[in-house]
2 protein chains.
Amino acid sequence: MITFAQAFELFASRVLPASLTDAAHLRFRTLATLRQLARDTSLEIAEEGQQIVFVARGATKLVAHASQSRDQIVAFHFPGDVFTVPEPDNYSYSLSALRDSDILTFASADFLALAAGEAGVLRYLLENTTLSLRRCREKTIALGRKNARERLAVFLLAMAERIGVEQDGRIALDLPMSRRDIAESLGLTIETVSRQLTKLKDERVIETLGRSGIVLLKPSLLRGRAGFLREAA
Amino acid sequence: MITFAQAFELFASRVLPASLTDAAHLRFRTLATLRQLARDTSLEIAEEGQQIVFVARGATKLVAHASQSRDQIVAFHFPGDVFTVPEPDNYSYSLSALRDSDILTFASADFLALAAGEAGVLRYLLENTTLSLRRCREKTIALGRKNARERLAVFLLAMAERIGVEQDGRIALDLPMSRRDIAESLGLTIETVSRQLTKLKDERVIETLGRSGIVLLKPSLLRGRAGFLREAA
DNA sequence: TGCTTGCCTTGATCCAGATCAATGCCGGGC
DNA sequence: GCCCGGCATTGATCTGGATCAAGGCAAGCA
């Protein structure tokens, strides 16, 4: 649990240019709302319109709700991430905490109006949105053209890049999300996720420690089965 | 076929604020490159890094190439659209013309450097990127959680919104893309696309005219089978 | 430290959509 | 207005992953 001041300071140091006047700084501060989400609780984004979100602590998932309780996880987010939560269109969206999390939210319209004069802030937002878009496109490729084994490989490599701890060639992961979350992110079922992980374990590509620990023993091998353009060794 | 001057004028009227000085206007103009792509030809985005693209005329597809000639169409674009083509990462990307097209391209880095002082331009880019992201997320949901019939419905409705011509409750489409393109966009095979279209025809939801013409007879019926959150009548 | 609850794993079966294989037909060229 | 090539449709079969159905086991709690 962190305070609003701490969370905003994290946000400001990352997003707001050092050159920003104190007055402008304060105006951004007025727009921010701190939401402290306990594990497994979620934020419904309904009436408030598009939101800009900054993750100060924890880990979250952005979930899209289609009909018949078919949910698709659109993205996972970790501390430091900045992203947009769309307002409901054909689907409704919610943001859930995978662990206890502290996040700052801004009404998008207000934030952009304030940032209109601050090219640095806009540029930062643009870069982050472009990054989200790149990740989303890669996910599209995985969901459209890859089989279960490849999707798992892609997922593990993406997590390795974002929260992995490397040690002499191995990469250790402490996954905050459940098998169900992984399945909902990859367009698979929990059973298939489980079976593919077991296979990777049998093939000595990964090792598991309890429910959340996974060690990538041979990241290069995993890259080879991710179905990327350039096959790795 | 249109001239560079015409294409840039279209771009400027849409993207550059009226208040922009002539000097700045000219600098943007210097960065633009006109590419005239004949139907079925494509632009490889390789050495040049991330590009910002404006479609002045025609229709294009953004294709991601994974291994083994498995291609995934990431997005379709129509006149007036502004979007980014990522530089190659795990995949390579190319932009192909569905019809004869005229597009303007800008090296992203140069463009952003120039736009750094122009909050209006940045804001416009940000809004377009956010729109691309929203569309990409909706596609993720379709690919992750919907069956073939629903994907076709979603596709037809999306096309109706972008290039449809409404006339007394019906929406006429003249699709510039082939069945193969539709399949590669929806993560299906051409055979499945064809069968689903035939089914919709049998059910009197659509009518086809030749290879490219489709009329949505009952858009609301189609919405009902798109698997959106709020089922339409 | 044992219990209990909710994940996770494993196994058996099924089916939507892929794949394989013809055939049909649109539209461009002459 | 006919011919041709490539796209589209239709049919038969196959299969990866979904679904249905038990167990196993980790983590929190008493």
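Residues numbered from 1 in each chain as written. Chains lettered and ligands numbered in written order. Predicted model: local features only at pLDDT ≥ 70, side-chain atom pairs only at ≥ 80, totals over all residues. Heavy atoms only, no water.

Considering unusual backbone geometry
Residue and element names in this part refer to chain B. The following threshold applies: Elements are defined by DSSP. Helices are runs of H or I of four residues or more, strands are runs of E of two residues or more, and each kind is numbered from the N terminus. The rule is simple: take the accessible area with a 1.4 Å probe, protein chains only, and divide by the maximum for that residue type; under 20% is buried, over 50% is exposed, in between is partly exposed.
Its identity as a non-glycine residue notwithstanding, Asp 40 has a phi of 70°, on the positive side. Within the secondary structure, Asp 40 sits in the loop between strand S1 (33-37) and strand S2 (42-44). What makes Asp 40 exposed here is its relative accessible area of 62%. The phi angle at Asp 168 is positive, at roughly 30°, despite the residue not being glycine. Inspection of the secondary structure assignment puts Asp 168 in the loop between strand S9 (165-167) and strand S10 (170-174).

A look at the relation of the copies chain B and chain A
Heads up, the rule is: Residues reaching a pLDDT of at least 70 in both copies supply the C-alpha atoms on which the copies are superposed by least squares. Throughout, a residue-residue contact means that at least one pair of heavy atoms, one from each residue, lies within 4.5 Å.
Overlaying chain B with chain A gives an RMSD of 0.0 Å, the required rotation being 180° about an axis along which the chain moves by 0.0 Å. Between the two chains, the operation in question is that of a two-fold axis. Taken as a fraction of all interface residues of chain B, those also at the interface in chain A reach 100%, which identifies the copy contact as same-surface.

Quick word on the pattern of salt bridges
The criterion, for reference: In what follows, salt bridge is the name for a side-chain nitrogen of Lys or Arg lying within 4 Å of a carboxyl oxygen of Asp or Glu.
Under the definition given, this model contains 20 salt bridges over all chains. Between Arg134(B) and Asp89(A) there is a salt bridge, with its nearest N and O atoms 3.6 Å apart. Taken together, the residues Arg134(B) in helix H4 (residues 119-145) and Asp89(A) in the loop between strand S6 (82-85) and strand S7 (92-97) connect one chain to another. Lys61(B) is paired through a salt bridge with Asp181(B); the nearest N and O atoms lie 2.7 Å apart. Within this pair, whereas Lys61(B) is found in strand S4 (residues 60-65), its partner Asp181(B) is found in helix H6 (residues 179-186), the two being separated by 120 residues in sequence. Assigned by exposure class, Lys61(B) and Asp181(B) land together as buried. Several salt bridges share partner residues, and in doing so they unite Asp89(A), Arg134(B) and Glu138(B) into one network.

Brief notes about the protein's contact with DNA strand D
Our working rule: Near is defined per residue: the residue qualifies when any heavy atom it owns lies within 4 Å of the molecule or strand. Pairs of N or O atoms within 3.5 Å make up the polar contacts considered here, provided that, within protein, one atom can donate a hydrogen while the other can accept it, and that residues adjacent in sequence are counted only when both atoms are side-chain atoms. We call Asp, Glu, Lys and Arg charged. Ala, Val, Leu, Ile, Met, Phe, Trp, Tyr, Cys and Pro are nonpolar, and the rest, Gly among them, are polar.
As a matter of local geometry, DNA strand D sits amid 17 residues, with Ala148(A), Thr192(A), Arg179(B), Thr198(B) and Arg211(B) nearest to it. Between DNA strand D and the protein, one listed contact pairs a phosphate oxygen with a side-chain N or O atom of Thr189(A) at 2.9 Å. Measuring from a base oxygen of DNA strand D, one finds a side-chain N or O atom of Arg195(A) at 2.9 Å. Among the secondary structure elements, those contributing two or more residues to the surface near DNA strand D are helix H7 (190-202) of chain A together with H6 and helix H7 (190-202) of chain B. The dominant element in the surface near DNA strand D, judged by the number of residues it contributes, is H7(B), at four residues. In terms of residue class, the surface near DNA strand D is built from two nonpolar, seven polar and eight charged.

What about the packing of aromatic side chains?
Test applied: Each Phe, Tyr or Trp ring (for Trp, its six-membered ring) is paired with any other whose centre lies within 6.5 Å, and the angle between the two planes then decides the class: stacked below 30 degrees, edge-to-face above 60, tilted in between.
Using the criterion set out here, one finds 18 aromatic pairs over all chains in the structure. On the numbers, 5.7 Å between centres and 45° between planes, the contact of Phe8(B) with Phe11(B) is tilted. Here Phe8(B) pairs with Phe11(B), and both are found in helix H1 (residues 4-15), just three residues apart, close to one helical turn. Phe11(B) shares its class with Phe8(B); the two are buried. On the basis of an interplanar angle of 75° and a centroid distance of 6.4 Å, the ring pair of Phe11(B) and Phe111(B) is categorised as edge-to-face. Of this pair, Phe11(B) sits in helix H1 while Phe111(B) sits in helix H3 (residues 108-115), and the two are 100 residues apart along the sequence. Both residues of the pair, Phe11(B) and Phe111(B), count as buried. These aromatic residues form a ring-pair network of at least three members: Phe4(A), Phe8(A), Phe11(A), Phe28(A), Phe54(A), Phe106(A) and Phe111(A).

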